[in-house]
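Coordinate inspection notes
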Amino acid sequence: MIVWINGAFGSGKTTLVAHLRRRLPEALVFDPEDVGQVLSRIVDVPTGNFQDLPLWRRQVAELGLGLVAEYERPLLVPMTLVDPRYAAEVFGAFDRAGVTLHHFFLRVPPEELERRIEERTVAPGDPERDAAARRWCRAMIEPCTAAVATLPERTVLLDGLLPEQRLVDEVLGHLDAQVAPA
């Protein structure tokens, strides 16, 4: 089982996954951004977005599937993935492999995303890199919030303004409802 936590930058994906991990200690955490960082050190990323690399999408799907198959444990994935073509590519690979995907999207108003992005530090000790990361995240607010209209049908929308524990309860409640016998 893969639990993909999606949303704009600053929506709370990583925080939610950390809280979920405490309640699902057997779960593995896989951040596809790590794959993007590795690829960015090896090849040029002309658009500046490693998700535009077909290899990133293939590797994310293959590594996710490999982790589930090899370790037979739930996989928690905090990752913004809002391009419908890319989501179809990655999520389609999970579907074809018969791996259950639970896709959640944290909805947060743009002004709150702005506030959260301004408060975070991405590159401690590197103000230039930190400012560039914040610019990138701010530039992605509109495309990420607009993406709600194009998310896969099975996506569960979550109110990203709710307290973390309530969000954890909602996700776990959804997972329980999906795996409970009929």
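Anything mentioned here points back to the structure above.
All of the points below concern the structure found in this document. These numbers were taken from a predicted model, which means no experiment stands behind them.

Let us look at the packing of aromatic side chains. Tallying each qualifying case throughout the model produces four aromatic pairs. Aromatic pair tryptophan 4 and phenylalanine 94: ring centres 6.3 Å apart, planes at 50°, arrangement tilted. Taken together, the residues span a long stretch of sequence, with tryptophan 4 in strand S1 (residues 2-7) and phenylalanine 94 in helix H4 (residues 84-96) at a distance of 90 residues. By the burial criterion, tryptophan 4 is buried, and phenylalanine 94 matches it. Put simply, the rings of Trp4, Phe91 and Phe94 pair up and form one aromatic cluster. Over the ring of tyrosine 86 we find arginine 57; its NZ or CZ atom is 4.0 Å from the centre of that ring.

All right, on to H4 then. Compared with the 18 Å implied by 1.5 Å per residue over 13 residues, the 17 Å span of H4 between its first and last C-alpha is a close match. Regarding H4, the residues found buried are Tyr86, Ala87, Val90, Phe91, Gly92, Ala93 and Phe94. For H4, the elements touching its buried residues are S1, helix H3 (54-71) and strand S4 (101-107). Two residues or fewer after H4 comes glycine 98, characterised by a positive phi angle close to 75°.

Turning our attention to the environment of glycine 160. Following the sequence through the fold, glycine 160 ends up in the loop between strand S5 (156-159) and helix H8 (164-179). Beyond its immediate chain neighbours, meaning those up to four positions away, glycine 160 contacts Ser11, Leu106, Arg107, Val108, Arg116 and Leu167.

Following both chains from N to C, one finds H3 and H4 inclined at 25°, their axes separated by 9 Å at the closest point. Accordingly, the angle class assigned to the pair H3 and H4 is roughly parallel. In this structure, H3 crosses over H4, and the sense of that crossing is right-handed. Taking contact as the criterion, the partners of Pro54, Arg57, Val60, Ala61 and Leu65 in H3 are, on H4, Tyr86, Glu89, Val90, Ala93 and Phe94.

What counts and how
Residues numbered from 1 in each chain as written. Predicted model: local features only at pLDDT ≥ 70, side-chain atom pairs only at ≥ 80, totals over all residues. Heavy atoms only, no water. Phe/Tyr/Trp six-rings, centres within 6.5 Å; stacked < 30°, edge-to-face > 60°. Helix = DSSP H or I, 4+ residues; strand = E, 2+ residues; numbered from the N terminus. Buried < 20%, exposed > 50% of the residue type's maximum accessible area, 1.4 Å probe, protein only. Lys NZ or Arg CZ within 6 Å of the ring centre and 35° of its normal. Expected span 1.5 Å × (residues − 1). Contact = heavy atoms within 4.5 Å. Axes fitted to C-alpha atoms, helices over the stretch in contact; angles between N-to-C directions. Parallel < 35°, antiparallel > 145°, perpendicular 65-115°, else oblique. Left-handed = near helix turned anticlockwise from the far one by under 90°.

Read these as geometric descriptors, not functional statements.
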